[in-house]
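Coordinate analysis (summary)
Here is how the chains run, residue by residue.
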Amino acid sequence: MLALNAISKRYGDVSVVEPLDLVIDEGEFFCILGSSGCGKTTLLRMIAGFDRPTAGRIMLDGVDITDVPPNHRDVNTVFQNYALFPHYRVYDNVAYGLKVRKTPEAEIRDRVAAALELVGLSGFERRMPAQLSGGQQQRVALARALINRPRLLLLDEPLSALDRKTGEQMRQELADLQARSGITFVFVTHNQAEALSMASRVAVMNRGVFEQCSTPFELYQRPQTRFVGDFVGSMNFFQGVVTEVSPDRLGVEVLGQSRIERRGASDLAPGDTVVFGLRPEQLRVSLLAPKDYENGFFGQIERTLFLGEATQLSVRLKSGERIDVKVPNYLMLEDKVMGLEQNEDVWVVWSKGSGVVLHA
Ligand SMILES: Nc1ncnc2c1ncn2[C@@H]1O[C@H](COP(=O)(O)OP(=O)(O)OP(=O)(O)O)[C@@H](O)[C@H]1O
Ligand SMILES: [Mg+2]
């Protein structure tokens, strides 16, 4: 439905978006995830038509819209700051787009009512924006963008100004809203939890480039670059060398020990240098050596950090490296977490195959 063909943006001699290709299907909830300044808003503004790409074409439903002005594209945008008209009531904010199009008054009334119901704000018609909470203002902005049922809705960090609880609640509501309306969403965020919980697919953007574009599960389980591995969740990284490659086994030597892993790039050959990644939450600590189906490192607990639902242990390995392990606090007594203490000798253990092997 939406195709970006070698779209790029430069300001003078600074490249903000490198030439990139993207195809989004009808009905998708597509997320663009990246840190501040990586080019997300620039990309969204080109799709909306507020900025012209330096090169490349944008296609919507097979029609080249690169030179079509924003108000003639079947695309609406929800901006990060909501951009409500402060002196208009909720009703008039939502009705604005229809009034501009000279829609009959009776139809406007029905459609505003339907849009406000969709976002759970029936009864708020006469309020002014200043009389609404941040979450409610966000919903008004959504209703206003949804009212003329655009083919494509662009959302630029719409939840980032909300407190954590409200933001998490809105995630669920947005996902439901998208499913019910069937409108294709392109959602920009720097928050990986938002991307993982709502999106059908996620593109991870870094310095104007898409590093990986896949389902949330793939992104987390099979990151293709070190940046993605560490940006989506977090990861411990080590240097390694490939020792063995077969269809069901991938041998790597890490910290002078050989281990077998399966997950990772398949185009590796013995002797290749690799980056070996382990997620803190996929590790456990044990007083016993790893079993046959496991791998492990031996070390000493150097530091413990209580996080509420989990405790983060920093373990110093024999080789001098540190590794973070996140242990769920499943057993808590009245005044402490039952678990392992500082200075204790432990094994850091993981199931073979849960390590990620990447090209160095
Ligand atoms: N009009 C402009 N002229 C020059 N540079 C610009 C212009 N607009 C944006 N940039 C630069 O382009 C880069 C990408 O900006 P952009 O707003 O797309 O980032 P972003 O990913 O949306 O970041 P954030 O998460 O902070 O909103 C930044 O380094 C920014 O300084
Ligand atoms: Mg931005």
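No experiment lies behind these values; they were computed from the predicted model shown. (Residues numbered from 1 in each chain as written. Chains lettered and ligands numbered in written order. Predicted model: local features only at pLDDT ≥ 70, side-chain atom pairs only at ≥ 80, totals over all residues. Heavy atoms only, no water.)

Glancing now at the UniProt feature "domain: ABC transporter" (unreviewed entry) in the chain. The feature "domain: ABC transporter" (unreviewed entry), as given by UniProt, occupies residues 2-232 in the numbering adopted here. Across residues 2-232, the secondary structure splits into 36% helix and 27% strand, with the terminal C-alpha atoms separated by 25 Å. (UniProt positions renumbered as here; feature names shortened; annotations may be inferred. Helix = DSSP H or I, 4+ residues; strand = E, 2+ residues; numbered from the N terminus.)

Quick look at a nonpolar patch on the surface now. A surface patch of nonpolar side chains, about 280 Å² in accessible area, is lined by Tyr 88, Tyr 96 and Val 100. In this structure, Tyr 96 sits in helix H2 (residues 90-100). Owing to a relative accessible area of 37%, Tyr 96 belongs among the partly exposed residues under this scheme. (Patch = residues over 30% accessible without salt bridge, like charges linked within 9 Å, V, L, I, M, F, W, Y side chains within 5 Å. Areas by Shrake-Rupley, 256 points an atom, 1.4 Å probe, with all protein chains shown as cover. Salt bridge = Lys/Arg side-chain N within 4 Å of Asp/Glu carboxyl O. Buried < 20%, exposed > 50% of the residue type's maximum accessible area, 1.4 Å probe, protein only.)

Our next topic: the environment of Arg 259. Position of Arg 259 among the secondary structure elements: in strand S13 (residues 257-261). For the pair Arg 259 and Asn 295, spaced 36 residues apart in sequence, the C-alpha to C-alpha distance is 6.6 Å. When residues no more than four places from it in sequence are discounted, the contact partners of Arg 259 are Leu 250, Gly 251, Val 252, Val 254, Asn 295, Gly 296, Phe 297 and Trp 350. One polar contact links Arg 259 to Gln 257, side chain to side chain, over a distance of 2.7 Å. Among the polar contacts listed, one links the side chain of Arg 259 to the backbone oxygen of Gly 296, at a separation of 3.3 Å. (Contact = heavy atoms within 4.5 Å. Polar contact = N/O pair within 3.5 Å; in protein donor to acceptor, adjacent residues only side chain to side chain.)

Now for the sheet that holds strand S5 (residues 63-64). In spatial order, the strands read S2-S1-S4-S5; together these four strands make up an open sheet with antiparallel pairing. Since the sheet does not close on itself, it has two edges, and those belong to strand S2 (14-24) and S5, each with one partner. With seven bridges joining them, strand S1 (residues 2-11) and S2 adopt antiparallel strand pairing. What sits directly across from Leu 4, in S2, is Leu 22. Where helix H1 (residues 40-48) meets the sheet, its contacts fall on S1, S2 and strand S4 (55-60), and the angle it forms with S1 comes to roughly 120 degrees. (Pairing = 2+ DSSP bridges. Axes fitted to C-alpha atoms, helices over the stretch in contact; angles between N-to-C directions.)

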